[in-house]
Amino acid sequence: TPLGSVPVMKIDGDTYCQSMALARYASKLAGFYPEDPLEALKVDQALDTMNEISSKAPRSKDEEEFKKLRKEFQDTTLTKYAEFLEDLIKKNGG
């Protein structure tokens, strides 16, 4: 794999990586990705927000510390991001 991790996709002998890039590519092929630039921006904003949540998720090998970090994450960061996504969904007819 190009960066030593998955997912990867091979197309015509070339290998591609990065999950969000692959998701956008597949969505475009399937007709699920908007052609309108503003609508695409809305989709990208939501996808990148989800990716950012994942990157901010707490990690610890110590179980007790992890529980504490997870609770703090849930009460602050996750709540903020969830409210943001919920607002996006409502603004866009969901």
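Calculation criteria
- Residues numbered from 1 in each chain as written.
- Predicted model: local features only at pLDDT ≥ 70, side-chain atom pairs only at ≥ 80, totals over all residues.
- Heavy atoms only, no water.
- Pairing = 2+ DSSP bridges.
- Helix = DSSP H or I, 4+ residues; strand = E, 2+ residues; numbered from the N terminus.
- Core = buried A, V, L, I, M, F, W, Y, C linked by side-chain atoms within 4.5 Å.
- Buried < 20%, exposed > 50% of the residue type's maximum accessible area, 1.4 Å probe, protein only.
- Contact = heavy atoms within 4.5 Å.
- Salt bridge = Lys/Arg side-chain N within 4 Å of Asp/Glu carboxyl O.

**Description of the pairing of strand E1 (residues 8-11)**
Where E1 and strand E2 (residues 14-17) come together, four bridges link them in antiparallel fashion. Considered in E2, the bridge of methionine 9 is made with tyrosine 16. In this structure, the hairpin formed by E1 and E2 is closed by a connection of two residues, where aspartate 12 is found at a positive phi of approximately 50°.

**Details of the nonpolar core**
Core analysis: the biggest nonpolar cluster contains five residues, these being Ile53, Phe73, Tyr81, Leu85 and Leu88. If near-sequence neighbours (up to four positions away) are discounted, tyrosine 81 is found in contact with Thr49, Glu52, Ile53 and Lys56.

**Quick notes on the pattern of salt bridges**
Side chains that differ in charge, positive against negative, can pair when their charged atoms come close. Taken as a whole and assessed by the stated rule, the structure comprises eight salt bridges. Here lysine 71 ties to aspartate 75 by a salt bridge, and the two come within 3.1 Å at their closest N and O atoms. Within this pair, lysine 71 and its partner aspartate 75 are both found in helix H3 (residues 63-91), separated by four residues, close to a single helical turn. Take lysine 71: its relative accessible area is 46%, and that puts it in the partly exposed class. We note a salt bridge from lysine 90 to glutamate 86, for which the minimum N-O separation is 3.6 Å. Residue lysine 90 and its partner glutamate 86 are located together in helix H3, separated by four residues, close to a single helical turn. Given the relative accessible area of 43%, glutamate 86 is considered partly exposed. Ionic contacts of the salt-bridge type, sharing partners, join the residues Arg24, Asp44 and Asp48 into one network.

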